[in-house]
Amino acid sequence: MERNPLRRQLQIMRKSLFDQGYLDEQFVQLEELQDDSNPNFVEEVVTLYYRDSARLILNIEQALERKPYNFHKLDAYMHQFKGSSSSIGAKKVKAESTLFREYCKSGNGEGCMRCFQQLKKEYATLRKKLEAYFQVARQAGPMETACRPK
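Definitions and limits used
- Residues numbered from 1 in each chain as written.
- Predicted model: local features only at pLDDT ≥ 70, side-chain atom pairs only at ≥ 80, totals over all residues.
- Heavy atoms only, no water.
- Axes fitted to C-alpha atoms, helices over the stretch in contact; angles between N-to-C directions.
- Helix = DSSP H or I, 4+ residues; strand = E, 2+ residues; numbered from the N terminus.
- Parallel < 35°, antiparallel > 145°, perpendicular 65-115°, else oblique.
- Contact = heavy atoms within 4.5 Å.
- Nonpolar A, V, L, I, M, F, W, Y, C, P; charged D, E, K, R; others polar.
- UniProt positions renumbered as here; feature names shortened; annotations may be inferred.
- Expected span 1.5 Å × (residues − 1).
- Buried < 20%, exposed > 50% of the residue type's maximum accessible area, 1.4 Å probe, protein only.
- Arc of directions from axis to C-beta.
- Polar contact = N/O pair within 3.5 Å; in protein donor to acceptor, adjacent residues only side chain to side chain.
- Left-handed = near helix turned anticlockwise from the far one by under 90°.

A.B. asks: Would you mind going over the packing of helix H2 (residues 25–33) against helix H3 (residues 41–65) with me for this structure?
C.D. replies: Packed helix pairs are specified by the crossing angle of their axes together with the interaxial distance, meaning the distance between the axes. Interaxial distance between H2 and H3 falls to 8 Å at its minimum, and their mutual angle equals 130°. With respect to H3, the element H2 is oriented oblique. Along its contact with H2, which presents Phe 27, Leu 30, Glu 31 and Leu 33, the element H3 presents Phe 41, Val 42, Val 45 and Val 46. Taken together, the residues of the contact of H2 with H3 break down into 7 nonpolar, no polar and 1 charged.

Next up, the structure:
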């Protein structure tokens, strides 16, 4: 068991992110790329994700305001957003992105709207949880090697 209380809290937070289905294996792979030469790699990648994905969300919101819906354009935006979300291991966000794309393919505008609202909730929740996680990580100091969630 970890003796450092901040390190223990960090382990609990990390485990919770996986147990609650917010993150998947891709996040572990990002952690494995982090080393002494770039100790904040994962946080930097996640920060870039949220900065860049905000533009995609805005594009999707604007496209959903235009009737009739351009499902091809909506699907293209969501395809890009899903790829970005997958790259950080955002499991719930990725799942909502997949569902949104299915609604696009079937021409279901109402489904797209409902799904997009849920996607934005999952996106915001993950952001808050990761911000709290990285804040504790900075306080706890450099991490040892990454390990798979149990």
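On we go.
A.B. asks: Any chance you could explain the UniProt feature "domain: HPt" (unreviewed entry) in the protein here in plain terms?
C.D. replies: UniProt marks residues 38–133 with the feature "domain: HPt" (unreviewed entry), using the numbering shown here. Here residues 38–133 is 86% helix and 0% strand, with 18 Å between the C-alpha atoms at its ends.

A.B. asks: What am I meant to see in the UniProt feature "modified residue: Phosphohistidine" (unreviewed entry) in the protein here?
C.D. replies: Residues annotated by UniProt as "modified residue: Phosphohistidine" (unreviewed entry) correspond here to His 79. Following the sequence through the fold, His 79 ends up in helix H4 (residues 71–88).

A.B. asks: Help me understand helix H1 (residues 5–19), please; the structure alone is not making it clear to me.
C.D. replies: Note on helix geometry: an α-helix contains 3.6 residues per turn, so any two residues three or four positions apart are oriented the same way. Taking 1.5 Å of rise per residue, 15 residues should cover 21 Å, and H1 covers 21 Å from first to last C-alpha, within 8% of that figure. Taken together, the buried positions of H1 are occupied by Arg 7, Leu 10, Arg 14, Leu 17 and Phe 18. Seen from one end, H1 has its buried residues packed into an arc of 95°, which puts them on one side. Across from the buried face of H1, at angles greater than 90 degrees, the exposed residues are Pro 5 and Asp 19. The distance from a side-chain oxygen at the start of H1 to the backbone nitrogen of Leu 6 is 2.9 Å, and the residue carrying that oxygen is Asn 4. One or two positions beyond H1, positive phi appears at Gly 21, with a value near 80°.

A.B. asks: Just checking my understanding: could you explain the environment of Gln 11 for this structure?
C.D. replies: Note on placement: Gln 11 falls in helix H1. Look at Gln 11 and you get partly exposed, because its relative accessible area is 35%. Taking the C-alpha atoms as reference points, Gln 11 and Ser 97, separated by 86 residues in sequence, lie 28 Å from one another.

A.B. asks: Please explain the packing of H4 against helix H5 (residues 91–105) as it appears in this structure.
C.D. replies: For the pair H4 and H5, interaxial distance at closest approach is 9 Å and the crossing angle is 165°. The pairing of H4 with H5 is recorded here as roughly antiparallel in orientation. Crossing of H4 against H5: the hand is left-handed. Contact residues: Phe 71, Leu 74, Asp 75, Met 78, His 79, Phe 81, Lys 82, Ser 85 and Ser 86 in H4; Val 93, Lys 94, Ser 97, Thr 98, Phe 100, Arg 101, Cys 104 and Lys 105 in H5. Along the lines of polarity and charge, the residues of the contact of H4 with H5 split into 7 nonpolar, 5 polar and 5 charged.

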